[in-house]
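Chain and residue survey
Spelled out, the chains give:
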Amino acid sequence: MTLATPTLHTARLRLRPFTDADADHLFALHSSAYVMRYWDSPPWNERARSQRFIAMSRKMADEGTGARVAIDRASDGTFVGWCGLTGWNPDYRSASLGYVLDEAMWGHGYATEAARSLLQWAFDALDLNRVQAETDTRNAASARVLEKVGFMREGTLREDCVVNGDVSDSWVFGLIRREWRPSSGPVPAGEAGR
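A quick note: this is a predicted structure, and the numbers were derived from the prediction, not measured. (Residues numbered from 1 in each chain as written. Predicted model: local features only at pLDDT ≥ 70, side-chain atom pairs only at ≥ 80, totals over all residues. Heavy atoms only, no water.)

**Regarding the pattern of salt bridges**
Within the structure shown, the criterion is met by 14 salt bridges. Note that Asp76 and Arg73 form a salt bridge whose closest N and O atoms lie 2.8 Å from each other. A salt bridge links Arg138 to Asp166; the nearest nitrogen and oxygen atoms lie 3.2 Å apart. With Arg138 in the loop between strand E6 (130-136) and helix H4 (140-148) and Asp166 in strand E8 (residues 166-176), this residue pair connects regions lying 28 residues apart in the sequence. Here Arg138 falls in the partly exposed class, since its relative accessible area comes to 39%. Given the relative accessible area of 37%, Asp166 is considered partly exposed. Taken together, the shared-partner salt bridges connect Arg14, Arg16, Asp22 and Asp72 into one network. (Salt bridge = Lys/Arg side-chain N within 4 Å of Asp/Glu carboxyl O. Helix = DSSP H or I, 4+ residues; strand = E, 2+ residues; numbered from the N terminus. Buried < 20%, exposed > 50% of the residue type's maximum accessible area, 1.4 Å probe, protein only.)

Right, here's the structure in full:
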């Protein structure tokens with residue numbers, strides 16, 4: 001089953017399918033040791049990785065297993081980063097959320113805005129019940145993004161990543177459909193409805 005990658009618009013961003021023209025931006029993003037310091041794989045050291053990433057994004061859509069979108073700033077078209085839902089399982093009605101933003105774009109609320117938009121599309125178009133996300137326990141900024149869009153921290157995966165000899169733990173976050181509120185954070189206890 002094919003899953004069409006959406007084009008979404010927010011107040012400040014455009015989320016769209018990747019094009020081959022994004023390869024240089026992707027390489028700059030993923031080759032930065034600072035940006036990738038909490039990622040579950042080392043920074044890229046070859047440009048061909050960008051083309052493979054774009055090809056894999058298209059393959060995910062063709063196979064119906066997920067959707068990755070490039071994020072541009074609406075005002076000037078500047079590449080902000082990317083956001084994606086992977087591992088979509090229509091039987092379990094679940095998927096995983098991930099994102100990476102250029103360092104110059106941190107602290108502006110773009111990750112929250114993009115994640116919220118992609119989640120709204122996913123809950124509507126994919127009829128999701130659960131979305132999961134993981135972040136390195138040292139990445140407090142990413143944990144805040146997830147909490148702002150409604151995720152709840154559910155546990156810790158101890159020593160689940162080893163990148164270049166650096167062992168790290170990850171927090172697991174979950175967002176359940178009945179707790180989803182597109183424009184706000186988590187639903188207060190006792191207010192979640194079906």
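**Considerations on the pairing of strand E4 (residues 79-89)**
Within E4, eight of the eleven residues are buried, leaving the element largely enclosed by the surrounding structure. Inspection of the sheet shows strand E3 (residues 67-73) paired to E4 by six bridges, in the antiparallel sense. When the sheet's bridge partners are listed, Asp72 is paired in E4 with Phe79. Linkage of E3 to E4, two consecutive antiparallel strands, is achieved through a turn of five residues, within which Gly77 is found at a positive phi near 75 degrees. As paired elements, E4 and strand E5 (residues 94-101) share seven bridges and run antiparallel to each other. For Cys83, the partnering residue across the bridge sits in E5 and is Tyr99. The antiparallel pairing of E4 with E5 creates a hairpin that spans four residues between the two strands, and Arg93 there sits at a positive phi of about 55 degrees. (Pairing = 2+ DSSP bridges.)

**Observations regarding H4**
Residues Ser142, Ala143, Val145 and Leu146 constitute the buried set of H4. Buried residues along H4 cover an arc of 155 degrees about the axis, so they all sit on one side. Each element contacted by the buried residues of H4 is listed here: E5, helix H3 (110-125), E6 and E8. Trailing H4 by a residue or two, Gly150 shows a phi angle of about 115 degrees, which is positive. (Arc of directions from axis to C-beta. Contact = heavy atoms within 4.5 Å.)

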